[in-house]
Amino acid sequence: MSEAVLLDADTTYLDGKEHHIRTGCGSVSVVVYGDHDKPALITYPDLALNYKSCFQGLFFCPEAASLLLHNFCIYHISPPGHELGASEISSDDPIPSVEDLADQIIEILNYFGLGAVMCMGVTAGAYILSLFATKYRERVLGLILVSPLCKAPSWTEWFYNKVMSNLLYFYGVCGLLKECLLQRYFSKEVRGNVEVPESEIVQACRRLLDDRKSKNILRFLHAINQRPDITDGLKRLKCRTLIFVGDSSPFHSEALYMTSKLDSRYSALVEVQACGSMVTEEQPHAMLIPMEYFLMGYGLYRPCYLNESPRSPLSPSCISPELLSPESMGLKLKPIKTRVSIEV
């Protein structure tokens, strides 16, 4: 029974339908999976990525797939020009700002006739969804953010992004540009070195980056590098927020800062050891149990035949008792730190 359902969940995820939606700032691709009558979960990836390179690891994790597909219809939004097989966006089209990209989401929700939605984003995508939540609070049920941003770029990040911008402009998606992006996404443990080969997930991401058009990445990078600080807006959010960050992420301090600015009654932080920014790909199992308890607060559960999680590196003994408290499963989530033990 369990195996049949798992297989069915994978099949459902593979049978998504892509929609190209015209919005006020250009066309955007949305890939939809699951039952349209279920609550909506929208996703937004990081720079130069799409759902396949940013969320596939999470959704191909059987336990996470069963939890999410059992409860939600998934709407994977790609930044303009980041979808699979995307052509180069015309230079005549204006470059959207982060405000434009956030407003694009409301057009997508209206297109599908969606009300309030759950949101999941990674780094740049997490920023876009957080900005969306501050502008359209009534349309957001909750936020699941991975290595999020909320401040304007630091001088270090701004300079690093400028280096990537120059590489994209003059050399396209070259080897050095890929290395810059892979350092952004992954920890050194999986990127490898002269003695240890890089992991399969890094190799797969490297191949998928070949599909990106440099000018399309440059447009999104330009928007993110000019983003404003949204800290003040975060203080007014009342939706629950669950933040994941790898302790090797370049944006680790950003995630801690953002958590400190959110209402502590509605937010929780999960730190993952030996992991980079893209927890969804590098350690997706680490997200399972925190997401389960987070979603319990909405009355959402995994199917009863999948109550056990033998593949998950997390167990209740690894989780802060605060996350398991009645408050955390009801109206309030306390700020926590969860360390995931890595088995050798």
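Residues numbered from 1 in each chain as written. Predicted model: local features only at pLDDT ≥ 70, side-chain atom pairs only at ≥ 80, totals over all residues. Heavy atoms only, no water.

Going by the annotation in an unreviewed UniProt entry, the name recorded for the protein chain is NuDeL-like protein, with Stylosanthes scabra given as the source organism. The UniProt entry for the protein chain carries the following comment under Sequence similarities (unreviewed entry): "Belongs to the NDRG family." (UniProt positions renumbered as here; feature names shortened; annotations may be inferred.)

S.K.: Got a sec to walk through the nonpolar core? Specific residues and values, please.
M.R.: Counting 104 residues, the largest nonpolar core has Ile42, Leu68, Tyr75, Ile105, Ile128, Tyr185 and Met291 as the members making the most contacts within it. Excluding anything up to four places from it in sequence, Tyr185 contacts Asp46, Leu47, Ala48, Leu49, Cys205, Leu209, Gly276, Ser277, Met278 and Glu282. (Core = buried A, V, L, I, M, F, W, Y, C linked by side-chain atoms within 4.5 Å. Buried < 20%, exposed > 50% of the residue type's maximum accessible area, 1.4 Å probe, protein only. Contact = heavy atoms within 4.5 Å.)

S.K.: Now, about unusual backbone geometry: what can you tell me, with residues and values included?
M.R.: One non-glycine residue, Thr123, lies in the positive phi region at around 45°. Along the chain, Thr123 falls in the loop between β5 (117–122) and α6 (124–135). On the basis of relative accessibility, which here comes to 0%, the residue Thr123 falls in the buried class. Phi is positive for Ala274, which is not a glycine, with a value near 50°. Mapped onto the elements of the fold, Ala274 is located in the loop between β8 (267–272) and α14 (279–282). Since its relative accessible area comes to 27%, Ala274 is described here as partly exposed. (Helix = DSSP H or I, 4+ residues; strand = E, 2+ residues; numbered from the N terminus.)

S.K.: Could you give me a rundown of the sheet that holds strand β7 (residues 240–246), with the residues and numbers involved?
M.R.: The strand order β1-β2-β4-β3-β5-β6-β7-β8 describes an open sheet built from 8 strands, whose pairing is mixed. Two strands in the sheet have a free side with no partner beyond their single neighbour: β1 (17–23) and β8. Averaged over all adjacent pairs, the angle separating strand axes in this sheet is 20°, with direction ignored. Judged from the 6 bridges that link them, β5 and strand β6 (residues 140–146) form a sheet pairing that is parallel. Among the inter-strand pairings, Met118 is bridged to a residue of β6, identified as Gly142. (Pairing = 2+ DSSP bridges. Axes fitted to C-alpha atoms, helices over the stretch in contact; angles between N-to-C directions.)

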